[in-house]
Amino acid sequence: MFNYRVIALIKRELREKLFSKAFILMTVLLPIFMFGIIGVQTFIMSFDSEKSVVEIIAESDRIADNLRSIIGESSFIKDSTIIPIIMHLSKLQFDDYVNSKEEELLTEEITGIIFIPNSALEDKKIQYYSKTPKNMRLLERIDNPINKVLVEEYFSSKNIPVEELQYARMSVDVSSFKIAEGEEIKEEGYGGLILSYLFSFLLYISLLMMGSMVMQTVIQEKSNRIVEVLLSSVTSKELMIGKILGAAITGLLQMVIWLSPVIVVASTSWFMLPGDVVLDITFIQVAYLLVNFFLGLLIFVGLFATVGSIFENPQDAQSGMWPIMMLIMIPFFISMSMIENPTNPVANVASMLPFSAIIVMPAKMALVDVPLWQVLLSTIVNVATVFAIFPVAGKIYRVGIMMTGKRPSWTEVIKWLKYKY
Amino acid sequence: MALLEVKNISKSFGNLKAVDNASFSVPAGSIFGLLGRNGAGKTTTIRMMMNIYLPDSGEVTFRGINAGTDFNSKVGYLPEERGLYKKMKVLETLLFFAEIKGKKGRNVTKLAKDYLKKFDLADRMNSKIEDLSKGNQQKVQFISTLLHDPEVLILDELFSGLDPINTNIMKNIILELKERGKIILFSTHVMSFAEMMCDHIAIIDHGKIKVNGTLADIKAERSHCNISLNYSGDISFLQNNPIIKNISDYGNSVGIKVKEEGQIQQLLKLLVDNNVEVKKFDANDISLEEIFIDTVGEESVEEVKFV
């Protein structure tokens, strides 16, 4: 299988791919792009709708006073995106007051008016009047101090010591501990989630990118008729192997470049990460990831090359590409669903099925402890997939690359399998 | 001795029988012309020789052994539809094609540069293929078939798209390779080239080999009582003359067959007496073009004439 011809073909593919602008840009820009997206998201979220004037009107004088003293401490005063105006009015006065402020509410000079009736001391129900009453971000920030005042007011008449009040006010703080075989129980942070998300995303991008790159060159060779010159020197099998290995090596190299910062961050203490973000990844896991990725490249690049051989121009090939895109995208979404629930049964099964195992298993490994037999099974499934698809893919490729003219139908492609070549 | 033999090969595509039981052999140190109209089966035959298509039946042997991948590395092949990697540089392209044939190193690089010089392309060594003119791309492709010092050259439609100067350079290289004992097989539908260069020919039509042998034998067999005539004037008076067997107009020349050898002089006298200006009068001779047209049928005359 490996002879001077295959090696010459691989060398050519590497030279063409590694030095292509697309490859260099993608390898460098993707990490920048990924962090960029996160940055942009945080940046946009940080914008509040300018300054919001919110009037808080309490029926009780005491509540209004308490609010004034407490709101002074809370954070929205400090960054002053919300300007609270606190008053007290009776229920009857309030109704008139809202009506009189209608104009200002509509022009959004006042974002909203909150009314705290005395009945809130029994049922904690308050009212919010606004042009856009569903401003979650604003209400979320303001209901905390109000709750605090109401609770204090309620309990002040009940003679309960301050310390006990403090306890009652605390919410539950969950510390997650991961139970793993043969390891000490330790606190689990978000590291697994981040890794899982990262692996799924990189796999997804890289398989699609390498796959379509190879498909392009196959189509190009076919439409430029280079393939006939090549076939006078090499067999179609050698040509296909050279092409796929060339792309697989390129992809692997790209993945190593992408993963190396992760590995450096995970394995050294040079970078200070927040306590609950621990990138817990071992050398064996990295090795597994790369082997798994390599198998994935063989499978998917092989499929893309096969599709490329059927068509003579990229436009036609688009239609042949979607079944393979689905084989990559569906597992990708399954991986994403695992981030919500790592024990999702669909994901559990998908991590051991042909095609989806490639993408789902690494994400699953980052989130839960996968028994060794499952890892082995999924690897065996992947290897078996390679052996199962290549005789068929090779045959289609063999016939396809020399088939020019009319765009073939799927039934014709199936007939090719019976051709004697 | 026949080194390269094609034995009873056939190939069908669906209902179309592209090549039908074709056999011919190519002796050492000869130039073999595979002649035929467009779609006659030349390219399919050549592709089967190159293992690009698998024959439905029959085989191709080289030195008595079934021609496989090993054979391929001994052949320099120029396909009818040329193709090169557009983004690759000229020298890089040449070295790549030599490498997949198993040849690399300083000698190959030197040889590549020599050939580029010969074809006046030395200064384009580091240009991208896409920046070359079509003719120059053609030359690069031709060089790529020679670099690995092949024993056999198979050239499909060798001269298509070349100007006379480059045609001449190529012709000389081919004759030089013949001197060195290489086997050269080329296909063409341009008879003048074939006539000029080939020792052996085979004419293929509708997938079948119609004529096969040395050019000299084939000509001798058909030239008896044949006159190849170039003239100006009117020869219509010959139409019903009793000594004439038939007259074929081939455009450039007219082929006239007389009934008996003794009538050749009579014909010449007849032409002179009728004030026809005779420019060329080859007795007992026949051009390859005439043989070709007689073999593959009248319907192809138009097509061949305008090539």
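Values in this document were obtained by computation on a predicted structure and should not be read as measured data.

Some points on the overall build of chain B
Consideration 1: Scanning chain B for helices and strands turns up eleven helices and 14 strands.
Consideration 2: Across its three principal axes, chain B shows a C-alpha extent of roughly 70 × 45 × 35 Å.
Consideration 3: Residues classed as buried in chain B amount to 52% of the 307 residues present.
Consideration 4: Contacts in chain B between residues far apart in sequence, at least 24 positions, make up 69% of those at least 6 positions apart.
Consideration 5: Summed over all atoms, the accessible surface of chain B reaches about 13,800 Å², with 46% contributed by carbon and sulfur.
Consideration 6: Taken as two groups, the 39 positive and 41 negative side-chain charges of chain B have centres that lie 8 Å from each other.

Here we look at the overall build of chain A
Consideration 1: Across its full length, chain A holds 18 helices and six strands.
Consideration 2: Looking at chain A as a whole, 45% of its 421 residues qualify as buried.
Consideration 3: Across chain A, every contact between residues at least 6 apart in sequence was considered, and the portion connecting residues at least 24 apart equals 74%.
Consideration 4: Of the accessible surface of chain A, which amounts to about 22,500 Å², a share of 65% is contributed by carbon and sulfur atoms.

Observations concerning the pairing of strand S11 (residues 226-232) of chain B
All names here are of chain B.
Consideration 1: With four bridges joining them, S11 and strand S13 (residues 254-258) adopt antiparallel strand pairing. Across the sheet, residue Ile227 finds its bridge partner in S13, namely Ile256.
Consideration 2: In the sheet, S11 pairs with strand S14 (residues 277-283) via six bridges, with the strands oriented antiparallel. When the sheet's bridge partners are listed, Asn230 is paired in S14 with Lys280.

Some words on a nonpolar patch on the surface
Consideration 1: A cluster of nonpolar side chains, contributed by Ile24(A), Leu25(A), Val28(A), Leu29(A) and Ile32(A), occupies part of the molecular surface with about 450 Å² of accessible area.
Consideration 2: Checked against the element boundaries, Leu25(A) lands in helix H2 (residues 21-45).

Let's talk about the domain arrangement of chain A
Consideration 1: Domain annotation for chain A reports domain 1 (4-37 + 189-416) and domain 2 (51-164).
Consideration 2: Placing a centre on the C-alpha atoms of domain 1 of chain A and another on those of domain 2 of chain A gives a separation of 56 Å.

Here we look at the pattern of salt bridges
Consideration 1: Inspection of the entire model under this criterion finds 33 salt bridges over all chains.
Consideration 2: The shortest N-O distance in the salt bridge between Glu221(A) and Lys243(A) comes to 2.9 Å. Of this pair, Glu221(A) sits in helix H10 (residues 191-223) while Lys243(A) is found in helix H12 (residues 236-267), placing the two residues 22 residues apart along the sequence. Accessibility classification places Glu221(A) together with Lys243(A) in one group, the buried group.
Consideration 3: For Asp282(B), the salt bridge is made with Lys280(B), and the minimal N-O distance between the two is 3.6 Å.
Consideration 4: For Asp282(B), a relative accessible area of 26% gives the class partly exposed.
Consideration 5: Given the relative accessible area of 33%, Lys280(B) is considered partly exposed.
Consideration 6: Look at the salt bridges and you will find they share partners, linking Arg12(A), Glu13(A), Glu16(A), Lys17(A), Glu221(A) and Lys243(A) into a network.

A look at the pairing of strand S3 (residues 31-36) of chain B
Residue and element names in this part refer to chain B.
Consideration 1: Burial analysis of S3 places six of its six residues in the buried class, the great majority of the element.
Consideration 2: Side chains of S3 alternate between two faces, with Ile31, Gly33 and Leu35 and Phe32, Leu34 and Gly36 buried alike.
Consideration 3: Summarising the sheet, S3 and strand S8 (residues 183-188) pair through five bridges and their orientation is parallel. Following the sheet pairing, Leu35 is matched in S8 by Thr188.
Consideration 4: Bridge count between S3 and strand S9 (residues 200-205): five bridges; the pairing is parallel. Bridge pairing in S9 places Phe32 opposite His200.

Observations concerning the interface of chain A and chain B
Consideration 1: Counting residues at the interface gives 24 residues for chain A and 31 residues for chain B.
Consideration 2: Interface area, chain A with chain B, both sides summed: about 2,600 Å², of which 54% is carbon and sulfur.
Consideration 3: Linking chain A to chain B there are four salt bridges.
Consideration 4: Our enumeration of links across chain A and chain B arrives at ten residue pairs in polar contact (both at pLDDT 80 or more).
Consideration 5: At the level of secondary structure, the elements contributing two or more residues to the side of chain A that touches chain B comprise helix H1 (4-18) and helix H11 (226-231) of chain A.
Consideration 6: With eight residues, H1(A) is the largest single contributor of residues to the side of chain A that touches chain B.

Some remarks on the packing of aromatic side chains
We describe a pair of aromatic rings using the distance from one ring centre to the other and the angle between the two ring planes.
Consideration 1: Per the counting criterion, the structure on display carries 13 aromatic pairs over all chains.
Consideration 2: Plain terms: the ring middles of Tyr85(B) and Phe96(B) are 6.1 Å apart, the flat faces sit at 70 degrees to each other, and that makes the pair edge-to-face. Taken together, the residues span a long stretch of sequence, with Tyr85(B) in the loop between strand S6 (75-78) and helix H3 (90-99) and Phe96(B) in helix H3 at a distance of eleven residues. Both residues of the pair, Tyr85(B) and Phe96(B), belong to the buried class.
Consideration 3: Taking NZ or CZ as reference, Arg5(A) lies 5.2 Å from the ring centre of Tyr4(A), over its face.
Consideration 4: A cation over an aromatic ring shows up here: Arg12(A) above the ring of Tyr85(B), its NZ or CZ 3.4 Å from the ring centre.

Quick word on the sheet that holds strand S5 (residues 65-66) of chain B
All names here are of chain B.
Consideration 1: One open sheet holds the four strands; their spatial order is S2-S1-S4-S5, and the pairing between them is antiparallel. Each having just a single partner strand, strand S2 (16-27) and S5 make up the two edges of the open sheet.
Consideration 2: Pairing analysis gives eight bridges linking strand S1 (residues 2-13) to S2, with the strands arranged antiparallel. In the sheet register, Val6 faces S2, and the bridge partner there is Phe24.
Consideration 3: Across the sheet, helix H1 (residues 42-49) touches S1, S2 and strand S4 (57-62), and the angle it forms with S1 is around 120 degrees.

Overview of the packing of helix H13 (residues 283-310) of chain A against helix H14 (residues 314-340) of chain A
All names here are of chain A.
Consideration 1: The N-to-C vectors of H13 and H14 enclose an angle of 165 degrees; their axes lie 9 Å apart at closest approach. One finds that H13 runs roughly antiparallel with respect to H14. By crossing handedness, the relation of H13 to H14 is classed as right-handed. Where H13 abuts H14, its residues Phe300, Leu303, Phe304 and Val307 lie against Ala317, Gly320, Met321, Ile324, Leu327 and Ile328.
Consideration 2: A breakdown of the residues in the contact of H13 with H14 according to their chemical character gives nine nonpolar, one polar and no charged.

Points about helix H4 (residues 106-118) of chain B
Residues and elements named next belong to chain B.
Consideration 1: Compared with an ideal rise of 1.5 Å per residue, which puts 13 residues at 18 Å, H4 spans 18 Å between its outermost C-alpha atoms and is within 8% of the ideal.
Consideration 2: The complete set of buried residues in H4 reads Val108, Ala112, Tyr115 and Leu116. Relative to the axis of H4, the buried residues are bounded by an arc of 100 degrees and lie together on one face. In H4, the exposed positions that point more than 90 degrees away from the buried face belong to Arg106, Asn107, Lys110 and Lys117.
Consideration 3: Elements that come into contact with the buried residues of H4 comprise H3, helix H5 (134-146) and helix H6 (164-179).
Consideration 4: A positive phi of about 65 degrees marks Asp120, the residue just after H4.

What counts and what doesn't
- Residues numbered from 1 in each chain as written.
- Chains lettered and ligands numbered in written order.
- Predicted model: local features only at pLDDT ≥ 70, side-chain atom pairs only at ≥ 80, totals over all residues.
- Heavy atoms only, no water.
- Helix = DSSP H or I, 4+ residues; strand = E, 2+ residues; numbered from the N terminus.
- Buried < 20%, exposed > 50% of the residue type's maximum accessible area, 1.4 Å probe, protein only.
- Contact = heavy atoms within 4.5 Å.
- Areas by Shrake-Rupley, 256 points an atom, 1.4 Å probe, with all protein chains shown as cover.
- Lys, Arg positive; Asp, Glu negative; His and termini not counted.
- Charge placed at Lys NZ, Arg CZ, Asp CG, Glu CD.
- Pairing = 2+ DSSP bridges.
- Patch = residues over 30% accessible without salt bridge, like charges linked within 9 Å, V, L, I, M, F, W, Y side chains within 5 Å.
- Salt bridge = Lys/Arg side-chain N within 4 Å of Asp/Glu carboxyl O.
- Domains from an automatic or database assignment.
- Buried area = accessible area lost by both parts, 1.4 Å probe.
- Polar contact = N/O pair within 3.5 Å; in protein donor to acceptor, adjacent residues only side chain to side chain.
- Phe/Tyr/Trp six-rings, centres within 6.5 Å; stacked < 30°, edge-to-face > 60°.
- Lys NZ or Arg CZ within 6 Å of the ring centre and 35° of its normal.
- Axes fitted to C-alpha atoms, helices over the stretch in contact; angles between N-to-C directions.
- Parallel < 35°, antiparallel > 145°, perpendicular 65-115°, else oblique.
- Left-handed = near helix turned anticlockwise from the far one by under 90°.
- Nonpolar A, V, L, I, M, F, W, Y, C, P; charged D, E, K, R; others polar.
- Expected span 1.5 Å × (residues − 1).
- Arc of directions from axis to C-beta.

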